[in-house]
Amino acid sequence: CSKDFLDRQPLDAITDVSFWETEEQLKLAVNGCYAYLKGKSETLQDSYVDLERCGDNIIYPPLSDYLSISTGVFDYNLPSINNEWVKQYAAIRRCNHFLQNYEKAKGVKPDLLSRYAAEVRFLRAHYYSFLIMLFGDVPLITKTLNIGDPEIMATQTPKAEVLNFVLQELEAAAPSLPPTYTAVDSGRITRGAALGWKAKVALFFQKWDVAEAAAKAVMNLGIYSLYSNGNTSTSYKELFTYKGKITNAANKETILARPYLANVSEHNLSRESWVPDQVSRFSITKSLVDAYLCSDGKPIDKSALYSESTYAAIFQNRDPRMIQTVLSPGTAWEGKDDGDQDSNPNAIFNLPKWDADKKGTVTGTGYYNLKYVEPTAVGVYNKDANDIHLLRYAEVLLTYAEARMEQGTLTQTDLDDTINKLRTRVGMVQMKITELNAWGMDLRTEIRRERRIELALEGHRYFDILRWKQGSLLAEDVKGIKKSLVPAYNQVYIATIPTDAQGYLIINSGRKFVEPKNYLWPVPLPQKDLNPNLIQPDGWK
Amino acid sequence: SSFGQRMTLERKSITLQRIFKEIRKQTGYDVLLSTNRIGINSTIDVSFSNAALDEVMEKVIQGRGLTYTIEDKTILIKQNASLMDKLMFVFNAIDVRGRITDDNGKALPGASVHVKGTKTTAVANNNGEFFLKGIEDNAVLSVSYLGFITNEIRVDRQTVINIVLKEDQTGLNEVVVVGFGTQKKSNLTGSVSTISARDLVGRPITSVSSGLQGLLPGLTAVGQSGMPGASGAMLRIRGLTSLNNSEPFILVDGIPQDLNSINPEDIESVSLLKDAASTSIYGTRAANGVILITTKSGSLNQKISISYNGYYGIQKPTALPKMLGSAAYMELLNEAQSNSGIPPSFTQSQIETARNGSDPNYFANTNWFNEIYKNNAPQQNHAVSFTGGSSDLKYYMSYGRQDQQGLAVGDQFGTVRNNARIRLNAAKILDILDIDANLGYIDRDVNQSSAATSQNGGVFYTGLTISPLSPVKFTNGLWGYGGGSSNPVAIATDGGFDLAKTQQFTGSIAATLHLMKDLELQAQYGLDMHNQNRNIFSRRIDYLYPETGAIWYTSNPNNTLDERQYINKIQTFAAQVNYRLNLNAHHLKALAGTQLEWRRNDYWRAVKTNFLSDNVPVLNLGTANPTNYGDAFQYALRGYFGRINYDFADKYLFEANLRYDGTSTYAPESRYGLFPSASAGWRFTQENFIKNSIALAWLSEGKIRMSYGLLGNQYNADASGYGEYYPYIPSIISVSTMPIGNVLTQGFAQTVLANTALEWEKVRMFNIAVDLALFKNRLTFTAEWYNRETRDIQLKVAQPAVIGVSVSDQNAGSVSNKGWELNLGWNDQIKEFRYGFSAQLSDVKNKVISLGGVAPTIANNIRLVGYPINAYYGYKTAGLAQAADFTKDEVTGKLSPNFPIFPVDAGKVAPGDLKFVDLDGDGIISADKDRTVIGDPFPHYTYSFRGNLGFKQFDFSFFLQGVGKANGYISGPAIHPFYADAAFPQEMHLDHWTPDNTTAWYPRLLFKDTRNTTRQLAEYWLQDASYLRLKNIQLGYTIPNKWISKWRVDQFRIFFSADNLFTSTNFFSAYDPETIVPGEASGDKISNGGFYPQVKTIIFGINLRLK
């Protein structure tokens, strides 16, 4: 037989040598680098929105890696921690592989070539930013590694150095990225995304001036505005439905998202929220509910408008974003039977359900979420195509305000250009520095409150708690509504739930947050096993 | 001669006849008379004291004009050949002709007829006919044929003598199939076990692999599933060779093929090649042992024989979990939630509702396992074959049909297999050419529920994960639902199907050219073409609220057809030259050849959703979301091989093999490997000092043999992605990514690193064995010991995650397997009572010797130097904590444990939790310092005991099979209730720890507890998975021929047979002990209960043969 009988090639792969030649190949390799954007998933490393569970805005009491992190009861062998590390380095490797080879391609228009490179440089910086926000010092790898390369066994690069790299890469990528794309490319990285993410990362690491400048640069692009349908009572929540998808031209607010697509790429967020025969996975805490101002701009402990006389009263006279985030009495829902006395389905929600008779969605705290729920996707498993918003213009505005405030340069004009635009969209009274002073309210607290309220349930809260060094919030008991608000016929279902001195249900206790240990995740055990040169952060040694 | 034979006899006036009897009694030698001129009643006086036999014989013939010869324990006395005698001889000479056949009238070409006391021998021709010219009219003929008991016949002036030979049941003279040839079993120097067709007869086996369980020493078969059409048992020959692929190499009539699509009725013999000497001729495919299947063929000059074998029977599961009813479940859930500080879900009145059944829609009490399973399911098998031959063509034609229905309701599970086979052998075309054409066709449908039958989903797993509170159907007759898991009965019934239709054609044509008497050329081309069309149609199921009819939940909202086409084509070509040389007692056989194998697989898949009809699943009727996929791979192998066998007088046996193998899988410079082996044997019973010894007269056969050799292990059977068939080529493949611009985008990326230096895994194997046959071959015994070491194992050396990509394998690490096998058999017949037993016992100790210097990857199934591959790795335990193990704080009343715990569990450990052992003594339990090897999942001391008894028309057999030692581990909802919403308690969980039941088996109940405390892999959860099983029992009755022969019926037997009827084990009552799967290279094989159960099968069948 012929001499080349054994000279065969794979039939389903292109060799690394023959790849990297055409524009189309480059595009496909860029696309491969998008695969690791966080979105919605039950696995921590793949989800951005579920990271909200690590904070104090929502709770799903049964134990999970999310709850372990949020309660501080976890060790360096928690699988999700290793998964996060592994995933980010897989993503980074893919980007490095592209950046090492893309220049080999021939006949690609120079601006397209640099755009591709900039998309990938953004993505690599984006992936690194999660590593430094969560782990602090991490190995900085900027080329593809092979078995035996010394970098594999190297120790961590200091966080500051990796941060510098991230900020520089974002800065360098921005000019080569287009401000907008045509419809077929919508969802790709834009210049605004590079600048906006830079602002976010700089804010996390208290580089206020960098954050301010980057946020301002996004504002100056002049292409972003807050999403509105003209109706103050629905615009905000609509952004988190199918109408707010990044491919919808009317949405000029979303800067970076993990897009989903019906029947092709779907998740289960809406069903997890309102699953009509189990406990909601996103029960909103008393802590978040109490954070909403009253409609007069005052907090509940200062405002005369606040009443807790009935369940419905809690939702009245509040920041209008509250009832667009938290399910309130009188709202249509798909959770079937609510907490009323009969066990028939209710098209309109009125009372929280505690009875596990499988006839409606049970609450963990007395509250349910509304934001991000696409009612049509509740009835079926994993059929939700809502985009997960990773960065939207509202956050850029909040970042700008906070960066200015931290530098002591925040003016009423700044507030009017940022926070008050958010309030205008929903018909909330404006934030006035003078009023805050008059009412004895702290500006920093209010800026932070505004961020918590505006961005609630989107996955940002845990990161904000970490950077504000408010870990003690995570050590507090998680509470729900006042036990006395539960009608007598439902008391039997909550009889064993303890209450605090004021009569609020204690949903979760025994939490801890060790300072400074818990501000960073430990080096995951498998990585430490494989590379003893990795050093545990303070508190984890 | 007769130097060893001595006798003592002192007697006056003793007849010659009496002396001859005495000779027989004292020496075992028969005396035969070829002349009647000796007066056997004449008397002489004798006085021998320990006299040599020659001395005795001289005395006997003294002065009688006689002479004698001694040959093969026979003393032949004849007349002195005086001239007169010689003339008389010619005068008395006659010609004798006849035919030699077996029991069934099948001709035995090549059988030899030897005239005793002479050098005259005739060999039967292709028709089994022989002709002897001019032999003495009262000569004695000795008729022998390999594999048959030698028969002696006195001519007695007959000129036509038809001789029937009985098959030798001891198998000592059998010819066994070995790689690229055959060998006399008695002359084997390698380690080969064989079985023949009769070992499989009358058993309701659904696949050949599960049928082999317990039959062949050294072969471990673990039944994986009783699902109709399941891939049969997992086979391992002498343990786990590699960390990767440990699958044996299986050839059917010389062609690599899947074992399980063969019709068991077509099998003539199975050879299991175990050591390097017998396998190295297959080079790089042989490291895990080789199984050679030979199919049946016809016989020359045989009238057609038609047989029908069929049975019908039922299957039942061997074991099923016993789930608790609703009220008990609710009470235990409340208890678990209270223990976890979470409010209990159910009120007392709700529990009462469940108990009294007053709300059958929301508080039902469903025993899901009763609902999912039918009481039994039918299984039937029919096989017809036609066999016969003319003088130059023999044929075998068969058709078989197997129909096995599944145990699940809804009738989605089931398989139908149709096998057809034609084998034609043309002999001596133009006097020198033999042709063997062998065509097989298999048509197989395997159907299951579209919800699959996997570890984590599907109808059976859901039985464990659905609440007993959900009804099968609501009171309005529609499918019941209760949140959480979908209704498995609804899915099994209405959820759609997953139908795989396979058409497989296997064909081979072989030619043997007899160039000279002892030189032949052989060539064989083989093709295995198997195409599979798989349709997965998932139907939408709406669960409606019983009151309003509104949709509560929809599983699979868009009915979906997923159609897949697999095209597999494997071609082989082999050519070899065989040479044979017999010079006196020197016997030499040699062969040399080349073999090619090349394979290509193609695959495509198309999916559409939203079908217009639930009943016509064809892609054209899908209206939305068309997607498609395609893939292909290929590889090629080329090898050269040679073998020399030499023996001196069938006494000193030698064999050497060499194989030089190349593959397309590795880089050109590391593509080829050389694999030699050598073996030797000594049949010490052929030595005269044993042969002629009276003291050792009980020893019929004895052989010591030894072998050593080198084998290679093939990479690509381990390939998880097709690109991996070329680990030396860095490849870029399609990867999934996110949608961009409202379309699903495609991405490309490198997902695995390349390794240009990768080469064969190398296996060295030493084997030593002894074979004995005692008491006229009635008792046979074989003992083997071997040491097999695999080096340069292809191993993914775990790398820190910063490398960011899956690493390719490297040649690192070695594993040793040391084992032994014992095999004992007894066969006898006392008048009409036939009986036999055989017993087997074997074990192999597997140990990782090296991991290439890298740290092991910590996992539940660990590979750790010094321990078995995939040993269970976890915590040692010290039982359940009791109140006395805690110190009570007098002020707060809080309990603090007096034993080490995980620091993160502080404050959450209470009486009833598992106590772990602090191995490093640092006062705390930690994942990195307190885990150790706690068990071995591989079955040890596998044994079997078979017996058969026959009396007149009745036959009875039984087959016990078992495992002496194994650790079983079941995880997930199969053993732990309440760790997730969908984990429900079983009857065994009633015995859980409470302050009132401190000696319980299960720890205190907790709800969704993911602390380190309970469900970690710990010694506590390993179970004794040893078992003894009545694998088969069979009773048959053969109707006497005289009643039926007038209808041309040759044999008519009816039988009753049962498989897996009875199992004795300490394993969880809920699961079959074979459920544990020995740790494997790929995937997490620790079972969580999501599988189709093993089945017991009871059948009634007939065997009918027409002539």
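The structure this text deals with has already been given above.
The text that follows walks through the structure, step by step, so that each part is easy to find. (Residues numbered from 1 in each chain as written. Chains lettered and ligands numbered in written order. Predicted model: local features only at pLDDT ≥ 70, side-chain atom pairs only at ≥ 80, totals over all residues. Heavy atoms only, no water.)

1. Looking at the overall build of chain B
- Within chain B, the regular secondary structure consists of twelve helices and 58 strands.
- For chain B, whose C-alpha radius of gyration is 35 Å, the value lies close to the compact-globule estimate of 32 Å for 1107 residues.
- Counting the 1107 residues in chain B, one finds 57% classified as buried.
- A separation of at least 24 residues holds for 70% of the contacts in chain B among residues at least 6 apart in sequence.
- With 103 positive and 100 negative side-chain charges, chain B shows a separation of 7 Å between the mean positions of the two kinds. (Helix = DSSP H or I, 4+ residues; strand = E, 2+ residues; numbered from the N terminus. Rg over C-alpha atoms; globule rule 2.2 N^0.38 Å. Buried < 20%, exposed > 50% of the residue type's maximum accessible area, 1.4 Å probe, protein only. Contact = heavy atoms within 4.5 Å. Lys, Arg positive; Asp, Glu negative; His and termini not counted. Charge placed at Lys NZ, Arg CZ, Asp CG, Glu CD.)

2. Looking at the packing of helix α6 (residues 326-339) of chain B against helix α7 (residues 348-356) of chain B
Residue and element names in this part refer to chain B.
- Between α6 and α7, the shortest axis-to-axis distance is 8 Å and the interhelical angle comes to 160°. Regarding the angle of α6 to α7, the classification is roughly antiparallel. Contacts from Ser326, Ala327, Met330, Glu331 and Asn334 of α6 reach α7 at Gln350, Ile351, Ala354 and Arg355.
- In the contact of α6 with α7, the residues fall into four nonpolar, three polar and two charged. (Axes fitted to C-alpha atoms, helices over the stretch in contact; angles between N-to-C directions. Parallel < 35°, antiparallel > 145°, perpendicular 65-115°, else oblique. Nonpolar A, V, L, I, M, F, W, Y, C, P; charged D, E, K, R; others polar.)

3. Observations regarding the nonpolar core
Residue and element names in this part refer to chain A.
- The biggest cluster of nonpolar side chains holds 176 residues, and the ones touching the most others in it are Phe98 and Tyr128.
- The greatest single-element share of this core, amounting to 17 residues, is contributed by helix α4 (residues 110-135).
- Apart from the residues lying within four places of it in its own chain, the contact partners of Tyr128 are Tyr89, Ile92, Val138, Pro139, Leu140, Ile141, Val162, Phe165 and Val166. (Core = buried A, V, L, I, M, F, W, Y, C linked by side-chain atoms within 4.5 Å.)

4. What about the sheet that holds strand β37 (residues 731-740) of chain B?
- Sheet architecture is open: three strands sit in the order β1(A)-β37(B)-β38(B), paired in antiparallel fashion. With one partner strand each, in any of the chains shown, β1 (14-15) of chain A together with β38 (743-749) of chain B form the two edges of the open sheet.
- Pairing between β37(B) and β38(B): six bridges, direction antiparallel. The residue bridging Ser736(B) from the neighbouring strand is Gln746(B), located in β38(B).
- Contacting β37 and β38 of chain B, helix α1 (residues 23-33) of chain A crosses the sheet at an angle of about 100° to β38(B). (Pairing = 2+ DSSP bridges.)

5. A word on the interface of chain A and chain B
- Taken residue by residue, the interface counts 89 residues in chain A and 88 residues in chain B.
- Carbon and sulfur atoms supply 62% of the area that chain A and chain B bury against each other, a total of about 7400 Å² over both sides.
- Contact with chain B buries surface across chain A, with Leu6(A), Arg8(A) and Lys358(A) losing the most and accounting together for 11% of the total.
- The tally of links between chain A and chain B comes to one salt bridge.
- Between the two partners, chain A and chain B, sit 21 residue pairs in polar contact (both at pLDDT 80 or more).
- A total of seven residues in the side of chain A that touches chain B trace back to one element, the largest contributor, which is helix α3 (residues 79-101) of chain A.
- Of the strand pairs in this sheet, β1(A) and β37(B) are connected by two bridges, and their pairing is antiparallel. Residue Ile14(A) lies in a different strand from β37(B), and its bridge partner there is Ile732(B). (Buried area = accessible area lost by both parts, 1.4 Å probe. Salt bridge = Lys/Arg side-chain N within 4 Å of Asp/Glu carboxyl O. Polar contact = N/O pair within 3.5 Å; in protein donor to acceptor, adjacent residues only side chain to side chain.)

6. What about a nonpolar patch on the surface?
Residues and elements named next belong to chain B.
- There is a patch of nonpolar side chains on the surface, built from Ile304, Phe386, Leu393, Met397, Ile422, Leu424, Leu439, Tyr441 and Phe505 and spanning about 690 Å² of accessible area.
- For the nonpolar patch, the secondary structure elements donating two or more residues are β24 (393-405), β25 (414-429) and β26 (433-449).
- Along the chain, the position of Leu393 falls in strand β24. (Patch = residues over 30% accessible without salt bridge, like charges linked within 9 Å, V, L, I, M, F, W, Y side chains within 5 Å. Areas by Shrake-Rupley, 256 points an atom, 1.4 Å probe, with all protein chains shown as cover.)

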